[in-house]
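Notes for the structure review
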Amino acid sequence: MPSHTPRLEIACQQVMVDDASVFSVQSTDLPKTMARELSATELLIRYLGYIRKFTLTLIRPVTLESGIEFRLIGTRRSLMSFLPPEYADAFATLRICGGFLVQPRQCDRGELRFGVEHLPGSTRISLQLSDFCPLILGSRSPSPLRFWLYRLTQAAIHRLVTVRFLSLLCHELAGPSAGVRVVNVVVRAGKPV
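Quick notes on the rules
- Residues numbered from 1 in each chain as written.
- Predicted model: local features only at pLDDT ≥ 70, side-chain atom pairs only at ≥ 80, totals over all residues.
- Heavy atoms only, no water.
- Helix = DSSP H or I, 4+ residues; strand = E, 2+ residues; numbered from the N terminus.
- Buried < 20%, exposed > 50% of the residue type's maximum accessible area, 1.4 Å probe, protein only.
- Contact = heavy atoms within 4.5 Å.
- Phe/Tyr/Trp six-rings, centres within 6.5 Å; stacked < 30°, edge-to-face > 60°.
- Lys NZ or Arg CZ within 6 Å of the ring centre and 35° of its normal.
- Salt bridge = Lys/Arg side-chain N within 4 Å of Asp/Glu carboxyl O.

Inspection of the secondary structure assignment puts Phe-91 in strand E7 (residues 91–98). Since its relative accessible area comes to 17%, Phe-91 is described here as buried. Counting along the chain gives 35 residues from Phe-91 to Ser-126, while the straight-line C-alpha distance between them is 9.2 Å. Sequence-distant contacts of Phe-91, that is, excluding residues within four places in its chain, are made with Ala-40, Glu-86, Arg-113, Phe-114, Gly-115, Glu-117 and Ser-126.

Next up on the list: unusual backbone geometry. As a rule of thumb, non-glycine residues mostly have phi less than zero, and peptide bonds are mostly trans rather than cis. A positive phi angle is found at Leu-56, which is not glycine, with a value near 55°. Position of Leu-56 relative to the elements: it lies in the loop between helix H1 (40–54) and strand E3 (59–64). For Leu-56, a relative accessible area of 67% puts it in the exposed group. With phi around 50°, Asp-89 is a residue other than glycine that occupies positive phi space. As for its placement among the helices and strands, Asp-89 is situated in the loop between strand E6 (86–88) and E7.

Overall, the coordinates contain seven aromatic pairs when judged by the stated rule. Taken together, a centroid distance of 6.5 Å and an interplanar angle of 40° make the contact between Tyr-47 and Tyr-50 tilted. Note that Tyr-47 and Tyr-50 are positioned in helix H1 at a spacing of three residues, about one turn of the helix. The exposure class assigned to Tyr-50 is buried, which follows from its relative accessible area of 8%. Here the aromatic rings of Tyr-50 and Phe-54 are separated by 5.4 Å at their centres, their planes lie at 35°, and the arrangement is tilted. Of the two residues, Tyr-50 and Phe-54 are both situated in helix H1; the distance of four residues between them amounts to about one turn of the helix. Phe-54 sits in the partly exposed class, given a relative accessible area of 26%. Among the aromatic side chains, those forming a connected cluster through ring pairs are Tyr-47, Tyr-50, Phe-54, Phe-114 and Phe-165. Seen from the ring of Phe-91, Arg-113 lies directly overhead, with NZ or CZ sitting 4.0 Å from the centre. Over the aromatic face of Phe-147 sits the side chain of Lys-191, whose NZ or CZ is 4.1 Å from the ring centroid.

Overall, the coordinates contain nine salt bridges when judged by the stated rule. Where Glu-69 meets Arg-71, a salt bridge forms, and the shortest distance between an N and an O atom there is 2.7 Å. For the pair formed by Glu-69 and Arg-71, the shared burial category is buried. For Glu-86, the salt bridge is made with Arg-95, and the minimal N-O distance between the two is 3.1 Å. Note on Arg-95: relative accessible area 33%, which makes it partly exposed. Salt bridges here are not isolated pairs; linked through shared partners, they connect Asp-19, Arg-109 and Asp-131.

In structure tokens:
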């Protein structure tokens, strides 16, 4: 390993946009040599394994013919349901199609996208949740109480899970002594959550 340890950043943004859907992105740029073998498919597979491990198997990603479900342990209840993964270019996309955490009338929208983009000199690894309509928000015009409840629970958990996932991946690829810090960025306009 080189004598210097890399300083890596995880860029984050989580906002509620005008239609009260949620947009959240976490990404990191790694030197190209560190992530040469990584693909969006592998990133998705790693993330599903990580969810199971991070939640101490309380949430179990289950792959079915109809897609992927995040199920609560010991039940067939899906917290989030996705159609089968779609692969295009540098991305693997899971389209949301239901689950307990999704507003019932908004089950046909939203996606979770995993990206491994090989750029000149670096590789951008990203997780992006967009057009997600959480049940906690309740509608297209959530009350301040619902907004704060979402912000303090589901939004905080999502950020923790994704940042920790990317941080562990950075340490795996760059070495355990690599410095990783989180920075807030603005990718899309909206109300921070």
